[in-house]
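Below are the chains, spelled out letter by letter.
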Amino acid sequence: MKKIEAIIRPGKLDEIKDALAVAGILGITVTHALGFGRQKGHTQIYRGQEVVSHLLSKIKIEIVTFDEKVDEVIGIIVKTARTGQVGDGKIFVQNVDEAVRIRTGDKGEKAI
């Protein structure tokens, strides 16, 4: 099993969620996050003053899936989230040693 973490633009969440659902990926966790990468924030005008915001609003999506679905999930996220501009986000993949469904006690791939 693998855990896929994707940091994306907030405006892309619904598109990604819908595309994943069409592919049969229904279990995701979504977290609102603040951060910056190479873009290092942005400048905006607030009440006539220039304000530099170093932390930008992002969305973090977490998905645990079977090893054979990883490339498909990554492909869906990349295709849907890409705008071609700085700030599109990143995807991280980690091994998952164990999963347990609390309600039933199912373990491993049954728990997904």
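Attention in this report is confined to the structure presented alongside it. (Residues numbered from 1 in each chain as written. Predicted model: local features only at pLDDT ≥ 70, side-chain atom pairs only at ≥ 80, totals over all residues. Heavy atoms only, no water.)

**A few points about the overall build of the protein**
Of the regular secondary structure elements, the protein holds two helices and six strands. Relative to a compact globule of 112 residues, whose C-alpha radius of gyration would be 13 Å, the protein shows 17 Å and is clearly more extended. On the principal axes, the C-alpha backbone points of the protein span a range of 55 × 25 × 20 Å. Expressed as a percentage of its 112 residues, the buried residues of the protein come to 29%. Residue pairs at least 24 apart in sequence account for 70% of intrachain contacts in the protein once pairs closer than 6 positions are excluded. (Helix = DSSP H or I, 4+ residues; strand = E, 2+ residues; numbered from the N terminus. Rg over C-alpha atoms; globule rule 2.2 N^0.38 Å. Buried < 20%, exposed > 50% of the residue type's maximum accessible area, 1.4 Å probe, protein only. Contact = heavy atoms within 4.5 Å.)

**Considering the side chain of Asp 88**
Relative to the elements of secondary structure, Asp 88 occurs in the loop between α2 (70-81) and β6 (89-95). Of the residues examined, Asp 88 reaches a relative accessible area of 15% and is grouped as buried. Looking at Asp 88, its side chain comes within polar contact range of the side chain of Arg 9, at 2.9 Å. For Asp 88, the contacting residues outside a window of four places in its chain are Ile 7, Ile 8, Arg 9, Ala 81, Arg 82 and Thr 83. (Polar contact = N/O pair within 3.5 Å; in protein donor to acceptor, adjacent residues only side chain to side chain.)

**Quick word on the sheet that holds strand β2 (residues 29-35)**
Reading across the sheet, the four strands line up as β2-β5-β1-β6 and stay open at both edges, with antiparallel pairing between neighbours. If you trace the sheet from one side to the other, it starts and ends with β2 and β6, each paired once. Going across the sheet, the axis of each strand differs from the next one's by a mean of 20°, ignoring polarity. Strand direction decides the pairing type here: β2 and strand β5 (residues 56-65), joined by seven bridges, are antiparallel. In the strand pairing of β5, Gly 35 is matched with Leu 56. Across the face of the sheet, helix α1 (residues 13-22) comes into contact with β1 (2-8), β2 and β5 while running at roughly 10° to β5. Each of β1, β5 and β6 touches α2; the most contacted strand, β1, lies at about 5° to it. (Pairing = 2+ DSSP bridges. Axes fitted to C-alpha atoms, helices over the stretch in contact; angles between N-to-C directions.)

**Side note on the nonpolar core**
Core analysis: the biggest nonpolar cluster contains 16 residues, and Ile 8, Ile 16, Leu 20, Ile 61, Ile 63, Val 73 and Ile 77 have the highest contact counts within it. Those elements that place two or more of their residues in this core are β1, α1, β5 and α2. Top element by residues in this core is α2. It accounts for five residues. Not counting residues within four places of it along the chain, the set of residues in contact with Ile 63 comprises Lys 2, Lys 3, Ile 4, Leu 20, Ile 25, Gly 27, Ile 28, Val 73 and Ile 77. (Core = buried A, V, L, I, M, F, W, Y, C linked by side-chain atoms within 4.5 Å.)

**Regarding the pattern of salt bridges**
All told, the structure shown has seven salt bridges when counted by the stated rule. Among the salt bridges present, the one from Lys 3 reaches Glu 5, with a minimum N-O distance of 3.3 Å. What makes Lys 3 partly exposed here is its relative accessible area of 22%. A salt bridge links Arg 101 to Asp 106; the shortest N-O distance between them is 3.9 Å. Classification of Arg 101 as partly exposed rests on a relative accessible area of 26%. The class of Asp 106 is partly exposed, set by a relative accessible area of 26%. Connected through salt bridges with shared partners, the residues Lys 3, Glu 5, Lys 60 and Glu 62 form a single ionic network. (Salt bridge = Lys/Arg side-chain N within 4 Å of Asp/Glu carboxyl O.)

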